[in-house]
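What follows is each chain in one-letter form.
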Amino acid sequence: MTRPPPLSRRAFTRFTLAASAAMLAGTDRARAAAPSGEPIRIGILHSLSGTLAISEATLKDVMLMLVDIQNRKGGLLGRPIEAVVVDPASNWPLFAEKARQLLSVDKVASVFGCWTSVSRKSVLPVFEELNGILFYPVQYEGQECSRNVFYTGAAPNQQAIPAVDYLMSEDGGGAKRFALIGTDYVYPRTTNQILQAYLKSKGVADADIMINYTPFGQSDWQTIVSQVKAFGSAGKKTAVISTINGDANVPFYKELGAQGITATDIPVMAFSVGEEELAGMDAKPLVGQLAAWNYFESIDTPANKSFIADWHKFTKNPKRTTNDPMEAHYIGFNLWVQAVEKAGTTDHDKVIAAMVGLRQPNLTGGIAQVLPNHHITKPVYIGEIQEDGQFNVVWQTPHEVPGQAWSPYVPETAHLTGDWTAPVNCGNYDTQKKACLGSHHA
Amino acid sequence: MRKALLALAFCTALACQPAYAQEAPALPPAAPSVAAPVQTPADAYTDMASTHFDAIIRGVERLGRSGEARALAALQALEAHKLLAGNDTVYIRTDTGLVDARTGQNAPADLTGLHPVRLNNRVRQTLASARAELLLAQGTQAERRDALAQIQAHPDAAMLPVLDKALADPSNKSLAGSLNAARAAILLSPGAQPVALSEQLAAVAAIKAQGGLAAKSLLSRAATLVPLAPQTREAAGKAVASIDFRLKLWGYGQDLFYGVSLSSVLLLSAMGLAITFGVMGVINMAHGELMMVGAYTTFMVERLVAAYIPALAPFSLILALPVAFVVSGGLGILIERSVIRFLYGRPLETLLASWGVSLILQQAIRSVFGPTNVAVTTPGWLGGSFALGGLEITTVRLAIFLFAIAVMAALTLVLKRTPLGLHMRAVTQNRRMAALMGIRTARVDALTFGLGSGIAGLAGVAVSQIDNVSPNLGQGYIIDSFLVVVFGGVGNLWGSLAAALALGIGGKGLEPLIGAVSGKILLLVLVILFIQRHPRGMFPMRGRGIES
Amino acid sequence: MSTDFSFRSARWTALAVVVLAVVLAFASLLPQSSALSVSPFVVTLCGKYLSYALLALAVDLVWGFAGILTLGHAAFFALGAYGMGMYLTREIGARGVYGNPDLPDFMVFLSWHRLPWYWWGSNHFAISLALMLGVPAVLAGLFGWLAFRSRVSGVYLSIITQALTYALMLAFFQNGMGFGGNNGLTGFKDVLGFDLTAPGTRATLLALTGLILGAVLMGARFLMGGRYGRLLVAVRDTESRTRFLAYRPEQIKLLVWVVSALIAALGGALYVLQIGIVNPGEFAPANSIEAVIWVAVGGRGTLTGAVIGAVLVNLGKTLFTAILPEFWLYGLGALFLATTLFLPHGVMGLLRHVPRKREEEVTPEITNPEGSNA
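All of the points below concern the structure found in this document. Please read all numbers here as calculations on a predicted model, not as lab measurements. (Residues numbered from 1 in each chain as written. Chains lettered and ligands numbered in written order. Predicted model: local features only at pLDDT ≥ 70, side-chain atom pairs only at ≥ 80, totals over all residues. Heavy atoms only, no water.)

**Thoughts on the side chain of Thr302(C)**
Summarising the element assignment, Thr302(C) is placed in the loop between α11 (285-298) and α12 (304-323). Thr302(C) sits in the buried class, given a relative accessible area of 8%. (Helix = DSSP H or I, 4+ residues; strand = E, 2+ residues; numbered from the N terminus. Buried < 20%, exposed > 50% of the residue type's maximum accessible area, 1.4 Å probe, protein only.)

Here it is, written out as structure tokens:
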């Protein structure tokens, strides 16, 4: 046996030193850029390991690409932008810890990150305490309006409600009966609560709504799919609204295919199935199934084409798909760049104040405007799954829909509104009591 | 001022939402924002060249009515996305060029300005009906039968004369049953002209005789359809109740099938563990990852077959079985030789080491294949389902069930009838004695671990057909696998079978009653309590070598 | 497996932990400009490590001394955490998003109108404290009594502890349970009227965690160094012989099992105070396995080793998730492999100056598939 050369210990020491230096100074730098001066740091808080890496790892890459592009354009305020990447490892307390690290150790100007609601909820107290800025790129259940968060994904009224309208329209098949199938966590629960109230307001009877929740990672869908089938045999056009989360979708669609349910019999409208998820499925049995998003890769606009080309170039993979949360990061990042330029500084308070009202062209030919409630305006598209795993847009809203933080269809929040501009400056303003609830004062 | 601002904010948040809802029929992205043309264009082909779904649907309907042979070709092209529109007409794209769908003549192959005819679910639905209508007149016997099934599934009053004509056609004699059923379905659907009461009642009886969910759906609608006679509606209601009763009885059988099918997945995933853990005493936390490797092997084999021998593509799954067995088995032998063999006699420490192995394997797959799912296709011959009485048997589940039985049988044979099995049992029962008899225990250990790992790979192939293929695949199965082996009794294959059946059927039996999650929790608690009563599982292994 | 009953190191470890925690706590109160100032980030991090060290200590007591490989100790940790989380949630009161003085936000959100009965009393700290320690203790007592009485041992015991934590995880994930579902409990503001985000509160909590950990270490040292500790090791090594000597192994094991659950619950409660969130992920079976690994890395059956292992592994995790975000799992996996293969006594084994007799080198000839005393 050969002994390793004595150098190894020194190498080890060097490694540890480098490691601790990196720990103290921030981490995993993006490559150096042309602009000079002290770099502006932004944090990227997406899981690279664990169960969520499936969805989040891509978003990290998109952010690195956006930073790269911006630096090539000359950086920001003449300074280069530097991305600090950390791995919260799909672990909620680790999300909070990493958020604190980004804000208090790396002193980042803003953070782009989180995926599930719980990851956002776990970092929220940290961002509010340390007055950070978070851009959250995922469609979510609403019912939140923090001063320190910009919600660039869809609120329920920007995804769920237009989708139901479509299903009830003639083109959508004129559905009269709805099965709401979801994973048991807060996004499906709230979305379904809102949808239930909305469906009732449209005259759908209680007996025509079926609600079912399954645990995360549900892999055996036989019983539920057969229940849906039985539910669909009451002589009325039936549609499924799926808020099934990521991983459980593949076995769900496989079971639909196996039990012979096609989109023309019982269409399934999904809120969490996009191009990225379809890339991991055999799309043939799914043709015609629906999804509602604010962006599809297949939408043919010059901006989208160049974004996709950039993405392929950056990942060196001409087959990598783009999806809705990626566009949300594109919008969020560019809005933040605009806000910093407008404010002339990365100071958190000034940037937050500069954000509201900014307008950024999105990738599908519309404009995303930042609203006083820190949500943005988004168009809503309904797409049908095609054999190649892309979506064919069959319906769209005529203009962008402004995001609502609080749903008017939930009695507890019908009278709440969020407005982070003077004089209200409150995320949960009760319009009846004319008071800001809780302690979310600025 | 403050109030006004607030009101404004509130309005921007709320007001736009109902506004768009009323403008419901939205437009395709590139389309001009005018309503569909009011005047009816010259013919179906012009209709289909439109960008409006309403016009396309009208065109498809007219093609169906036309009875032309060329119409069928156009419809089939539309379904395959091979119908292009432009210059107020549509072209079929063939391998060689363009064909004008209206005339059947070759057209100049200029693709500029052409766009594929748009499809949505409504168009697809109309398309299926129109094609059925054409096939009923032109198709072969089998095509006509399929067409009738389509017509019955989506009855349309306008189809009645077509059916009557077909009934009068002597060549359709053997299809009389299907024709009458389809006719009955139309008579009971909205939009049909009311016919004589006796005919209505006969229709109800005909549909009732068919049974099943489709019949139930049709009759439930008929029961509320006002143009039908009150007696008919009453009869339909009664028929629904009777079908419901039969469905309920069959439902128990169906739950049993689901349970058995879940059991076979559990058994498959636990069988490898029953060897590595049950026979060898290695708490192999990397078992799930060995399944994952099997699933990824399936993916690779499928890719390679598709790239090099596309003719065999439908059977790549079968090719994947031996490959996955070898890959996972080889990996298992590698793990045994490099890690596990140093830990014999310390089973609880094998847990920690194999947990480390599982983390490394997961991350390795993530580095190589990326963190996202990969797509493993289900071959055509495994897709879909068939009816067995009132049961609906999904082919893929049946295949997994049969596969589990086959693997179990093969494993039993290996253990009982081969020298390797004999050596394995000898080493398990009394290692030192076996060594003294000249058995190379180290080699037997490696092969045993390899066998268990190889079976995990086979399970991975099966699981790739029903579940995600992702780096997280293994995590979803490991706890259940251990539970099956421990519940059944460590070291006893039949115990694992019994445990898998109990957990699978129990879980599926509880699911309709209390939900999937509560059912699972209840089962876990029951297993915990069972083990308190029977500390060595259902079928404890007896023997001198086993007692601690 | 040998056990050195002197545990001299435990005393020093306890002292070191206390001193370190108190010093860090004071340093965090210094003005930011001071060279010795410690950032709140480091304070929270240290608080987390010390809470985990309590969990590791709990695992060490049952695994190192009683030979029960628990794969479900995170359940007790999480139950303690939920107990504290419930109290902290009630402390928020009307300052939640919806301003409802009686119901936590997530209940308002799901349109609940009344507090479920199991939340009663959670607004009083004393009752909550009794619950956060009592519930895990009672559960552990019940579980242990059933299991040890019927002589469930080895792998069977390990697997049912795992089943226990898995069942609890599934249950807590359900929104219908009334514990906030997947989101769990978060957004805390005060504890006993002190602002949780204030530097003073943070420093106090860190010092308190250090003190409690030190006290538990000393307590464990006292317990394990005495007659009871010897009995426990006797049960671990040859349960049947101990039984023949007219001892009651099930009672001996039950006591350490319940004490260990209490320590884990205490760790959980302190963890929530400093981390500010608890959710069903804490029940995940992987967490329990990780806790076992901390102990293995540090050296089982040594008390000090548990603390060292917990701090080392978690420090490594913090560093490597930041430095090598894409590759740290390889490192973690390799660490487990290396520890089991090359460091059967963990870090503590390295620290012992005289290499001991190689009694752990069990040849493959002695296989024990039941593994009751591995």
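**Here's the deal with the packing of helix α14 (residues 316-338) of chain B against helix α19 (residues 441-463) of chain B**
Residues and elements named next belong to chain B. Between α14 and α19, the least distance of the axes is 6 Å, while the angle of their chain directions is 140°. By the angle between their directions, the pair α14 and α19 is classed as oblique. For the crossing formed where α14 meets α19, the hand is right-handed. (Axes fitted to C-alpha atoms, helices over the stretch in contact; angles between N-to-C directions. Parallel < 35°, antiparallel > 145°, perpendicular 65-115°, else oblique. Left-handed = near helix turned anticlockwise from the far one by under 90°.)

**A closer look at the packing of aromatic side chains**
Remark: the centre distance and the inter-plane angle together describe each pair of aromatic rings, the angle taken between the planes. Inspection of the entire model under this criterion finds 40 aromatic pairs over all chains. Taking 5.0 Å as the distance between ring centres and 65° as the angle between the ring planes, the aromatic pair formed by Trp221(A) and Phe252(A) counts as edge-to-face. Taken together, the positions of Trp221(A) in the loop between β7 (209-214) and α7 (222-231) and Phe252(A) in helix α8 (residues 249-258) put the pair 31 residues apart, joining distant regions of the chain. Owing to a relative accessible area of 0%, Trp221(A) belongs among the buried residues under this scheme. According to the relative accessible area criterion, Phe252(A) is buried, its value standing at 2%. Between Phe487(B) and Phe530(B) the ring centres are 5.2 Å apart and the planes differ by 90°, which places this aromatic pair in the edge-to-face class. With Phe487(B) in helix α20 (residues 475-488) and Phe530(B) in helix α22 (residues 516-533), this residue pair connects regions lying 43 residues apart in the sequence. Residue Phe487(B) is classed as buried on the basis of its relative accessible area of 9%. (Phe/Tyr/Trp six-rings, centres within 6.5 Å; stacked < 30°, edge-to-face > 60°.)

**Description of the layout of surface pockets**
Its volume calculated, the second largest pocket comes out at about 1600 Å³. If you go around the second largest pocket, you meet 47 residues; those closest to its centre are Asn317(A), Lys319(A), Arg320(A), Phe369(B) and Thr372(B). Of the residues assigned to the lining of the second largest pocket, the class counts are 16 nonpolar, 12 polar and 19 charged. (1 Å grid on protein atoms, 1.4 Å probe; cavity = no way out; pocket = protein on both sides within 12 Å on 5 of 7 lines; lining within 4 Å. Points joined across faces, edges and corners; volume = space filled by probe spheres on them. Nonpolar A, V, L, I, M, F, W, Y, C, P; charged D, E, K, R; others polar.)

**Regarding the state of the cysteines**
Residues and elements named next belong to chain A. Per the stated rule, a full pass over the model turns up one disulfide over all chains. Two residues, Cys 426 and Cys 436, share a disulfide whose sulfurs are 1.9 Å apart. Where Cys 426 bonds to Cys 436 through sulfur, the torsion about that S-S bond is close to 85°, and the disulfide is right-handed. You can see Cys 426 sitting in strand β18 (residues 426-430) and its partner Cys 436 sitting in strand β19 (residues 435-436), a full 10 residues away along the chain. Residue Cys 426 shares its accessibility class with Cys 436, and that shared class is buried. Free cysteine: Cys 114, not disulfide-bonded; nearest cysteine sulfur from Cys 145 at 16 Å. Cys 426 provides the cysteine sulfur closest to Cys 145, a residue in no disulfide bond, and the two sulfurs are 8.1 Å apart. (Disulfide = S-S within 2.5 Å.)

Geometry only, nothing functional implied.
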